[in-house]
Amino acid sequence: ARAQRSAVPVGPGALADGTPIPLLANLGSAEGVEGAVAAGAEGVGLFRTEFLFLDAKTAPSVAQQYGHYAKLLRGFPGRKVVVRVLDAGADKPLSFLNDAPEENPALGLRGLRALRATEQILRDQLTALARAAGETDADLWVMAPMVSTVEETRYFVALARELGLKTAGVMVEVPSAALLADRVLAEADFASIGTNDLTQYTLAADRLLGSVASFQDPWHPAVLRLVREVGRAGAALGKPVGICGEAAADPLLAVVLVGLGATTLSMSPSALGDVRAELLQHTREQAVAFADAALTAEDGATARAAVRALLPQHV
Ligand code: PEP
Ligand code: MG
């Protein structure tokens, strides 16, 4: 099967039964645009904007940000581009955002919480994004990181609309947001699941700490059950549910995530080819069967083994 993969032409993501599963790119700056297009990305599912802020002494102006966003959007005419607003916190301290020391930075004033405490930075970023969207014909979606409540969702979506953005959603990377996905998605246009943080918070294991790295397994059924909550809510409300954490780059797990209700997958451009090839080998019915097998396992390793056992020529 591996040998056939390199022969799969670059094309839109789809299951064997023709169900489209758009395959999008994760990008950390506008420099990656050409590479993502060459790898067949159908758009951008996660544009991380931290690079604009992390080395700066003061927040970049609307004009400075605008140029970067316009370059990104021009690379994807007519395509969906999901931009995440600044995801900083006490572990990536920004003097102009939050300089109070914290003992548990992952549980502190980070992501949307930090932006909200310094709202002008968020307003400027959304203003620059709206301006870039107005001057290009990409389909810009904006989303907020580290959202843990329905009220935060309402706050972010209202602010994005006030500043002229048409499509606003949230990342689901905290268990509370996944468990209340029906309420969260009632407020937002879409959800995008960040499996890196969702795994960290579900297993209560710092994703940056080597001594607990074995807990950072997105195959863990506890994580997958949370993904299922979001998938179900998205299906019930007719709203898109993307995956933008590293899990989407694992070809077999990508199929499981589709079986749990993911409608798009976003990953580093280098992973697009293998994921595209794997999706083409399975129908939606099979993806759902894989998901069911993984959900009832006791841990990540057995979930993966249970799915592999369902493959036609598993080794
Ligand atoms: C995630 O948490 O899965 C995610 C995509 O965001 P980041 O890795 O930037 O925290
Ligand atoms: Mg995250």
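For the structure given in this document, a descriptive report is provided here. Quantities reported herein were computed from a predicted structural model and do not represent experimental measurements. (Residues numbered from 1 in each chain as written. Chains lettered and ligands numbered in written order. Predicted model: local features only at pLDDT ≥ 70, side-chain atom pairs only at ≥ 80, totals over all residues.)

Here the focus is the sheet that holds strand 1 (residues 23-27). Spatially, 1-2-3-4-5-6-7-8 is the arrangement adopted by the eight strands of the closed barrel, whose pairing is parallel. Averaged over neighbouring strand pairs, the angle between their axes works out to 30 degrees when direction is ignored. Inspection of the sheet shows strand 4 (residues 139-144) paired to strand 5 (residues 167-172) by four bridges, in the parallel sense. Counterpart to Met143 in the pairing with strand 5 is Gly169. Contacts between helix 10 (residues 221-237) and the sheet are confined to strand 5, strand 6 (191-193) and strand 7 (241-243), with strand 6 contributing the most and set at about 160 degrees to the helix. (Pairing = 2+ DSSP bridges. Helix = DSSP H or I, 4+ residues; strand = E, 2+ residues; numbered from the N terminus. Axes fitted to C-alpha atoms, helices over the stretch in contact; angles between N-to-C directions. Contact = placed C-beta atoms within 7 Å.)

Let us now look at the site of ligand 1. Taken together, Leu46, Arg48, Asp87, Glu173, Gly194, Thr195, Asn196, Asp197, Cys244 and Gly245 form the complete shell of residues around ligand 1. A total of three residues in the shell around ligand 1 trace back to one element, the largest contributor, which is helix 9 (residues 195-203). Class assignment for the residues of the shell around ligand 1 results in two nonpolar, four polar and four charged. (Near = placed C-beta within 6 Å. Nonpolar A, V, L, I, M, F, W, Y, C, P; charged D, E, K, R; others polar.)

This brings us to the environment of Gly238. Along the chain, Gly238 falls in the loop between helix 10 and strand 7. By C-beta crowding, Gly238 is classed as exposed, having 7 other C-beta atoms within 10 Å. For the pair formed by Gly238 and Arg154, sequence separation is 84 residues and the distance between their alpha carbons is 18 Å. (Buried ≥ 20, exposed ≤ 12 C-beta atoms within 10 Å, placed from the backbone.)

As a further point, take the packing of helix 3 (residues 62-74) against helix 5 (residues 119-134). Relative placement of two packed helices is described by the angle separating their axes and the distance separating the axes. Running from amino to carboxyl end, helix 3 crosses helix 5 at an angle of 45 degrees, the nearest separation of the two axes being 8 Å. On the basis of their axis angle, the class for helix 3 and helix 5 is oblique. Regarding helix 3 and helix 5, the two cross each other, and that crossing is right-handed. Between helix 3 and helix 5, the contacting residues are Val62, Gln65, Tyr66, Tyr69, Ala70 and Leu73 on the first element and Asp124, Gln125, Thr127, Ala128, Leu129, Arg131, Ala132 and Ala133 on the second. Classifying every residue of the contact of helix 3 with helix 5 gives nine nonpolar, three polar and two charged. (Parallel < 35°, antiparallel > 145°, perpendicular 65-115°, else oblique. Left-handed = near helix turned anticlockwise from the far one by under 90°.)

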